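Chain by chain, the residues:
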Amino acid sequence: MKNLFVALALCVSCLSSQAFEKTDPHFVVGSGDKQCYFVVDWYGAQKCWAYKWGDRLDTPTVFDALKEIDHEDPRFVIKYQQMTAAYVDVYFMGYDEDDCACQFDTENGGSSSPNALVGVEDKVWYSQWWVFYQAGSRTEYGSGPIYSSWDAANSVQVQDEQVYYFTIGAPEYDSNWAESPITIDASAIAYAESPYGWRVVDYYTSCPKANFNAADNVLHRPTTYMKGTWGGPITPYNPAWMANELLSLEDEGDFVVIEFDHKVVDDPKNPYGYDFIAFGNSLIVGTKKDYYEESSDPGNWEYTQQLSGEPALVEVSADGETWFSYNDGPYCDDWAPTQGLVYDKSNYNTNWYAANRWWSCTTDATWPVHPGLTSVKAVGETIETLSYKYDKSAGGAAFDISGFPLPTDEHGRKYIKFVRIRPMFDEEEEEWTAPEIDAVADVRPCTAYEEWRLANYSDYRTQWDALLTGKKAIAANGYPNVVNQLLGLGANESPVIGTKIITSATGEQIEVSDVLGFSITGISVFADYVDLQFRHKGNLTPDSGLFIKTGSDLTSGLWSYEMPSISSVEDLGDGTKRSTLRVSNSGQFFRFAVGDE
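All values derive from a computational prediction rather than experimental measurement. (Residues numbered from 1 in each chain as written. Predicted model: local features only at pLDDT ≥ 70, side-chain atom pairs only at ≥ 80, totals over all residues. Heavy atoms only, no water.)

A. Here's a closer look at the pairing of strand β4 (residues 45–53). With 7 of 9 residues buried, β4 lies mostly within the body of the structure. Here strand β2 (residues 28–30) runs beside β4; their pairing, made up of 3 bridges, is parallel. Across the sheet, the residue bridging to valine 29 is tyrosine 51, located in β4. Here strand β3 (residues 34–42) runs beside β4; their pairing, made up of 9 bridges, is antiparallel. Residue aspartate 41 lies in a different strand from β4, and its bridge partner there is glutamine 46. Between the end of β3 and the start of β4, which pair antiparallel, lie 2 residues, with tyrosine 43 showing a positive phi angle near 55°. (Buried < 20%, exposed > 50% of the residue type's maximum accessible area, 1.4 Å probe, protein only. Helix = DSSP H or I, 4+ residues; strand = E, 2+ residues; numbered from the N terminus. Pairing = 2+ DSSP bridges.)

B. Molecular detail of the sheet that holds strand β22 (residues 312–317). An order of β14-β18-β27-β22-β23 is seen for the 5 strands of this open sheet, with the pairing classed as antiparallel. The open sheet is flanked by β14 (199–204) and β23 (324–325), the only strands paired with a single partner. Direction of pairing for β22 relative to β23: antiparallel, over a ladder of 2 bridges. In the strand pairing of β23, valine 316 is matched with phenylalanine 324.

C. Summary view of unusual backbone geometry. Geometrically, the link from glycine 329 to proline 330 is a cis peptide bond, its omega value of 5° lying close to zero. Residue position: proline 330 is located in the loop between β23 and β24 (341–343). Geometrically, the link from tryptophan 335 to alanine 336 is a cis peptide bond, its omega value of 10° lying close to zero. Within the secondary structure, alanine 336 is located in the loop between β23 and β24. In this structure, alanine 101 takes a positive phi of about 60° despite not being glycine. Take alanine 101: it is sitting in the loop between β6 (88–95) and β7 (104–105). Of note, the phi angle at asparagine 244 is positive, near 65°, even though the residue is not glycine. Following the sequence through the fold, asparagine 244 ends up in the loop between β16 (232–233) and β17 (247–248).

D. Quick look at the pattern of salt bridges. Under the definition given, this model contains 14 salt bridges. Lysine 47 is the salt-bridge partner of glutamate 97, the closest N and O atoms lying 2.9 Å from each other. Taken together, the residues glutamate 97 in the loop between β6 and β7 and lysine 47 in strand β4 connect sequence positions 50 residues apart. The class for glutamate 97 is partly exposed, based on a relative accessible area of 32%. If you follow the salt bridges from partner to partner, you end up with Arg199, Glu259 and Lys417 in one network. (Salt bridge = Lys/Arg side-chain N within 4 Å of Asp/Glu carboxyl O.)

E. Representation of the side chain of arginine 453 in the model. Inspection of the secondary structure assignment puts arginine 453 in helix α4 (residues 448–456). You can call arginine 453 buried: its relative accessible area is 10%. Apart from the residues lying within four places of it in its own chain, the contact partners of arginine 453 are Trp367, Asp391, Gln463 and Thr469. (Contact = heavy atoms within 4.5 Å.)

F. Representation of the side chain of threonine 235 within the structure. Of note, threonine 235 is situated in the loop between β16 and β17. Overall, threonine 235 belongs to the buried group, its relative accessible area being 0%. The residues contacting threonine 235, other than those within four sequence positions of it, are Thr338, Gln339, Trp359 and Ile383.

G. Structural view of the nonpolar core. Counting residues in hydrophobic clusters, the biggest one holds 40 residues, and the most contacted among them are Phe38, Phe76 and Met93. Of all the elements, helix α1 (residues 62–72) adds the most residues to this core, at 5 residues. Discounting chain neighbours no more than four positions away, the residues touching phenylalanine 38 are Lys47, Cys48, Trp49, Tyr51, Val62, Ala65, Leu66, Ile69, Val158, Tyr164 and Phe166. In terms of nonpolar packing, the next biggest core, distinct from the first, is built from 30 residues, Leu249, Cys332, Phe399 and Ile421 among them. (Core = buried A, V, L, I, M, F, W, Y, C linked by side-chain atoms within 4.5 Å.)

H. Looking closely at the pairing of strand β5 (residues 76–82). Sheet topology note: the β5/β6 ladder contains 7 bridges and is antiparallel. Paired with isoleucine 78 across the strands is methionine 93, a residue of β6. Hairpin connection between β5 and β6: a loop of 5 residues separates the two successive antiparallel strands.

Quick look at the structure:
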């Protein structure tokens, strides 16, 4: 463990005197009146995120904040392991620099895109690792002292205006084993791109209320939770409506033009062919009760009527000058109403509110609702069951840009950078609609597992069901879905199941139990590591969750996870591949497993 030889030292740094401004970061994660900053340095390429929090029941740690950034940013990936009871090690960080839907190799530090930013620890000798520094407050950034990498990120609570800095590499040491200071140059920081609107280029609203006519109200992820009376989690029954959450457009001539800080592309990997999402505050009306409280069970409130919305016309542009309109829909502030939090009774989070027993993390605002799920089909659902069918999506109106004659990026994909939203004239009511705008979001491309899941479970009525489609869940063939995806099989195909566990001492193959779809072909034993060879179909993908479990006793049932390293892959020419998996020689027995992290 690297902590055993990293000395704790308080260092005076050679930091640049240039500080960055509080408004600089494009991607702001969380909400509240306190804000700190995270800088990740991949061999000199630096990205910065802002993290906000408020009066939560538990003060988050740096590790909590880092996980939340990973959860919110579809282009950022971390991997971590519990080193001891008190120490969590973040051993991999990656960033999709060119937004090409790259796949990360989280064990070996690789990526399918040569432009991606990747860094992984040397897990055998720790010749390099992710160093965590507390770099001082934003106003002192470049002049204050910093702490060494001894402090674990999960042992430090975030502080207002603090800068937290992660860098990949091995620090230098002086004769007293004190860690030498690092150089942090604020002028080298490039801010992480946001999937949400970056800035409002132009707008006009006739709304006189100050809390609802501020343009910046549309520059964030869609609202997740509202504090105060009549607040609570955002659901299709309880939409955003409080101060400073929405921009109201109330009449003819009102509009808002929102710019993304990157090209929003027509990516073939985007789910259902959608490219961006616009959020309003539409709702589904009519429930069995007159109101909904935080302490209420979402399963008791049923949607008995259809959608109530105020449709807004959406237009797109690549340059802010030539515009293309969705005259025939879809429309913003229409279907699908926003869902702020994931319904999960097994992992509810009381940080949202003390009485919470149903809601866990924030939903994915970059993942659209299945196109087969409509407002008509939502009638008769409860808040609980509709949350399931949203499939962890935040909802919103989803749009496809492929039908417009737009320019293309360096990968040949059509793109936009600007979205304009304005009221529509209601012919039936003979008046202009008065929509509220909450946010816009860039749809993220599917991971390899999600592509497999959509190909095998294309109907929304089964796709949302965690009993069918989760990574740990069981497919129709009786095996976990992720195993089939890993082996390149369909949902109903049966993988070849081996029944071998290998001893590192002799290479003997002992028949004990299933090894989750792998056929062992050989083993090599060395002093410090073991090479296992196995045969499989398909490609091993970063999100497949491949692990090795190690144990010293076959009968005890005690197995620990081992971080694998794939040293080579050979195509056998018969539709299968043979991979060599290197693990440390820390146990007598090894078996393959699939994790769900």
